[in-house]
Amino acid sequence: MERDWWQLTPRRDLYSVPECLAAVDSRHISGGNSSAERGEVNEPFLLVDEKHIPAGNTSAHIIGVNVLYGTGLAFTIEERQVLGIHGLLPARVKSQEEQVQLCKLSIERYEEPLNKYIYLMGLLDRNEHLFYRFLGENVAEMMPIVYTPTVGLACQKYGLIYRRPRGLFITIHDKGHVYEILKNWPETDVRAIVVTDGERILGLGDLGACGMGIPVGKLALYTALAGIKPHQCLPITLDVGTNTQTLLDDPLYIGLRQKRVRGAEYDEFIQEFMDAVVRRFGQNCLIQFEDFGNANAFRLLEMYRGKYCTFNDDIQGTAAVAVAGLLASLRVTCKKLSENTIVFQGAGEAALGIAELCVMAMKAEGTSEADARARVWMVDSKGLIVKDRPEGGLNKHKERFAQARAPVRSLAEVVDIAKPSVLIGAAAIGGAFTPEILRRMGEFNDKPVIFALSNPTSKAECTAEAAYSNTDDRAIFASGSPFPEYRTKDGRVLRPGQGNNSYIFPGLALGIICAGIIDITDDFMLLAAESLAGMVSDSDLSHGGLYPPLAQIQDCSVRIAKKIVEHAYKTGKASVQPQPLDTEAFIRAQMYDVRYNSAVPPVYSWPRDGPRVDAI
Ligand SMILES: O=C([O-])CC(=O)C(=O)O
Ligand SMILES: [Mg+2]
């Protein structure tokens with residue numbers, strides 16, 4: 001529960017500047033064990049820039065400073081006087097709308113996406129409300145900067161662009177003390193954590209601690225797309241080392257300079273982390289796993305699902321968004337899902353997650369499990385996944401999709417044999433869908449469905465243009481990273497959809513948090529997929545889109561959350577009781593408001609003779 005600051009602050013102290021500043025953001029004086037509670041927040045830090053923050057101070061200070069710099073010229077004259085900052089700002093008082101305009105002008109001055117990213121992260125540091133308002137009002141333009149694909153580049157350059165700490169870095173050397181580190185986080189009401197160990201950042205591989213850009217970016221979307229309050233979100237990197245030699249050799253690298261720890265020590269560390277989160281933030285605190293290596297991603301999901309409030313976005317979130325796209329495509333191809341033959345390039349987290357959810361969706365259509373699995377062909381680095389593979393070594397996840405056929409080596413051959421109606425790429429091999437493969441898809445199908453899901457753009461299996469131009473503009477295309485509009489030979493404009501889990505995880509998380517769901521089973525994923533598919537309009541489809549436009553993604557999140565919450569109550573999975581009468585109002589009441597709260601509470605007026613407290 002957020003409390004109003006004047007309920008926490010003794011009024012007689014209000015005119016002490018640091019007190020006022022601390023009070024403006026009551027979260028920082030409300031929590032147990034936070035640095036604020038230890039009294040540090042009362043130091044006169046407010047008129048300093050980051051250079052002057054006394055050594056050893058923590059993010060509570062940094063956030064505190066930002067409260068001042070935060071709303072900037074939007075501080076009213078009353079607020080400036082009560083806060084003791086009158087004169088420190090120029091005379092002009094701006095509305096938030098005017099500030100949004102300035103953000104637009106400022107970011108347009110940068111040409112390089114990475115510079116735009118640095119600008120936006122600076123804005124987030126200075127003024128959280130403005131950042132989220134700007135992002136929320138410009139989703140289609142700004143998402144590719146704070147999120148995929150630019151966030152991938154940001155991770156690759158993290159050491160270079162690192163300005164300020166954001167999130168928690170917990171290293172393997174902190175083993176035994178993970179709980180104490182969580183206690184150093186100044187917020188106490190944390191409801192959602194996105195955690196990575198940096199082993200498989202997008203399709204870019206092992207970026208170690210530089211992977212922190214991903215939890216930060218994902219949680220920025222939690223707030224921007226689903227209104228989950230920023231202080232309830234905590235990005236975490238578990239730094240267990242990196243096996244990327246260039247990072248180990250890089251003087252700018254910010255993480256532990258050692259090879260990855262694996263085995264029992266790693267497992268104990270993760271277990272300690274999970275338990276520490278529950279102890280610190282409660283068992284309803286959502287833990288979203290992101291960009292772990294394949295083996296750990298599957299293993300950890302199996303170990304923790306049902307016992308902790310957790311899901312794996314790369315396995316389950318990506319599955320839901322891809323299945324949503326497939327379900328929407330059926331309205332164009334006029335088929336049932338179970339009438340398709342689906343070939344996957346890749347058999348990792350995303351591909352296997354999608355494949356399993358496809359089987360679930362086909363079963364929901366009345367198909368038997370065996371028939372559903374027979375319709376799914378998977379190709380990994382050794383070729384088609386077949387039973388009795390000569391090299392052996394199929395893990396149990398792949399085994400479930402092994403075809404009873406002779407080995408086939410290349411994707412092109414598999415496509416020739418299977419004649420799929422759907423081709424899905426999720427192996428981070430850029431350009432794997434060659435023009436030849438795409439042309440074959442066009443020969444086999446009137447409307448071939450082609451998903452190039454790997455991220456960032458450089459890892460996409462093909463571009464939108466390649467998919468369209470090699471199939472006489474007949475392809476139904478979606479990609480993980482955004483692609484520009486395409487003009488067909490007969491002059492139609494196609495807007496390829498972004499089959500990215502960002503359509504799913506924010507709304508899913510909002511629903512999980514609102515209803516207090518711990519056991520996040522796959523029926524929630526299928527439900528999210530179905531409800532997203534149901535939001536695709538005929539007009540979207542006629543322009544080649546399999547998803548609603550990004551401009552509507554916030555609305556999609558709330559609608560997904562509503563379905564999730566309703567389903568949770570129906571299936572007895574909701575721990576928040578009693579069930580709300582109006583689900584949507586219940587959800588919306590918990591969402592973040594991007595507008596500024598007044599720093600001066602309404603009980604104050606500002607007469608000529610100075611501030612005074614009105615009787616309540
Ligand atoms: O971050 C994204 O854009 C989607 C995703 O989870 C991944 O590629 O790992
Ligand atoms: Mg991911």
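Everything below is about the structure printed above this text.
Just so you know, these numbers come straight off a predicted model, no measurement behind them.

Calculation criteria
- Residues numbered from 1 in each chain as written.
- Chains lettered and ligands numbered in written order.
- Predicted model: local features only at pLDDT ≥ 70, side-chain atom pairs only at ≥ 80, totals over all residues.
- Heavy atoms only, no water.
- Near = heavy atom within 4 Å.
- Polar contact = N/O pair within 3.5 Å; in protein donor to acceptor, adjacent residues only side chain to side chain.
- Areas by Shrake-Rupley, 256 points an atom, 1.4 Å probe, with all protein chains shown as cover.
- Nonpolar A, V, L, I, M, F, W, Y, C, P; charged D, E, K, R; others polar.
- Salt bridge = Lys/Arg side-chain N within 4 Å of Asp/Glu carboxyl O.
- Helix = DSSP H or I, 4+ residues; strand = E, 2+ residues; numbered from the N terminus.
- Donors = N, O, S within 2.8 Å, 3.2 Å for Na, K, Ca; no water.
- Buried < 20%, exposed > 50% of the residue type's maximum accessible area, 1.4 Å probe, protein only.
- Core = buried A, V, L, I, M, F, W, Y, C linked by side-chain atoms within 4.5 Å.
- Contact = heavy atoms within 4.5 Å.
- Phe/Tyr/Trp six-rings, centres within 6.5 Å; stacked < 30°, edge-to-face > 60°.
- Lys NZ or Arg CZ within 6 Å of the ring centre and 35° of its normal.
- Disulfide = S-S within 2.5 Å.
- Arc of directions from axis to C-beta.
- Pairing = 2+ DSSP bridges.
- Right-handed = clockwise from strand over helix to strand, strands pointing away.
- Axes fitted to C-alpha atoms, helices over the stretch in contact; angles between N-to-C directions.
- Parallel < 35°, antiparallel > 145°, perpendicular 65-115°, else oblique.

1. A few points about the site of ligand 1
Move 1: Taken together, Tyr147, Thr148, Arg200, Leu202, Lys218, Glu290, Asp291, Asp313, Asp314, Asn455, Asn500 and Asn501 make up the full set of residues adjacent to ligand 1.
Move 2: In the model, an oxygen atom of ligand 1 is placed 2.9 Å from a nitrogen or oxygen of the Asp291 side chain.
Move 3: Within the complex, 94% of the 260 Å² of free accessible area of ligand 1 lies under protein.
Move 4: Residues that form the shell around ligand 1 fall into these classes: two nonpolar, four polar and six charged.

2. Remarks on the pattern of salt bridges
Move 1: Under the counting rule described, the total for this entry stands at 37 salt bridges.
Move 2: We note a salt bridge from Arg299 to Asp267, for which the minimum N-O separation is 2.8 Å. On the criterion of sequence distance, the pair formed by Arg299 in helix α16 (residues 294-304) and Asp267 in helix α15 (residues 263-281) is long-range, its members being 32 residues apart.
Move 3: Linked by salt bridges that have partners in common, Glu356, Lys363, Glu369, Arg373 and Arg400 make up one network.

3. Let's talk about the coordination of the magnesium ion (ligand 2)
Move 1: Summarising the metal site, the magnesium ion (ligand 2) is bound by the protein donors Glu290 (OE), Asp291 (OD) and Asp314 (OD), whose distances to it range over 2.0 to 2.1 Å.
Move 2: Read in sequence order, the donor residues for the magnesium ion (ligand 2) give the motif E-D-x22-D. Summarising the burial analysis for this pair, Glu290 and Asp291 share the class buried.

4. Digging into the nonpolar core
Move 1: Judged by nonpolar contacts, the single largest core of 166 residues is most densely connected at Tyr222 and Phe273.
Move 2: Top element by residues in this core is helix α17 (residues 313-333). It accounts for eleven residues.
Move 3: Residues within four places of Phe273 in sequence aside, it is in contact with Ile170, Val178, Ile193, Val195, Ile236, Leu238 and Ile287.

5. Let's talk about the packing of aromatic side chains
Move 1: With the rule as written, the count across this model stands at eleven aromatic pairs.
Move 2: Seen from their ring centres, Tyr110 and Tyr119 are 6.0 Å apart, and the 40° between their planes marks the pair as tilted.
Move 3: By relative accessible area, Tyr119 is classed as buried at 12%.
Move 4: Judged by centre distance (4.9 Å) and plane angle (50°), the ring pair of Phe289 and Phe292 falls under tilted. Neither residue differs from the other here; Phe289 and Phe292 are each classed as buried.
Move 5: Among the aromatic residues, those joined into a ring-pair cluster are Tyr468, Phe477, Phe483 and Tyr486.
Move 6: The lysine or arginine in question, Arg279, covers the ring of Tyr179, its NZ or CZ lying 3.6 Å from the ring centre.
Move 7: Taking NZ or CZ as reference, Arg373 lies 4.8 Å from the ring centre of Phe401, over its face.

6. Focus: the state of the cysteines
Move 1: Throughout the structure, instances matching the rule amount to zero disulfides.
Move 2: Considering cysteine sulfurs only, Cys309 is the nearest to Cys285, which forms no disulfide, with 7.3 Å between them.

7. Regarding helix α21 (residues 411-418)
Move 1: Regarding α21, the residues found buried are Leu411, Val414, Val415 and Ala418. The buried side chains of α21 occupy one side of the element, clustering within an arc of 100° when seen end-on.
Move 2: Residues of α21 that are buried sit in contact with β6 (342-345), β7 (376-380), β8 (383-384), β9 (422-425) and α22 (435-444).
Move 3: Downstream of α21 by a residue or two, Lys419 has a phi angle that is positive, lying close to 45°.

8. Some points on the pairing of β6
Move 1: The side-chain alternation of β6 yields two buried faces, one formed by Ile342 and Phe344 and the other by Val343 and Gln345.
Move 2: In the sheet, β6 pairs with β9 via four bridges, with the strands oriented parallel. Bridge pairing in β9 links Phe344 to Ile424.

9. Some details on the pairing of β9
Move 1: Residue alternation in β9 divides its side chains into two sets, Val422 and Ile424 and Leu423 and Gly425, and both sets are buried.
Move 2: Note: β9 against strand β10 (residues 449-452), four bridges, orientation parallel. Residue pairing for β10: Leu423 is matched across the bridge by Ile450.
Move 3: Once you follow β9 into α22 and on to β10, the crossover reads as right-handed.

10. Details of the packing of helix α13 (residues 213-226) against helix α27 (residues 553-570)
Move 1: Following both chains from N to C, one finds α13 and α27 inclined at 90°, their axes separated by 8 Å at the closest point. Judged on the interaxial angle alone, α27 and α13 are roughly perpendicular. Every residue of α27 that contacts α13 at Ala224, Leu225 and Ala226 is listed here: Ile553, Gln554 and Ser557.
Move 2: Residue composition of the contact of α13 with α27, by class: four nonpolar, two polar and no charged.

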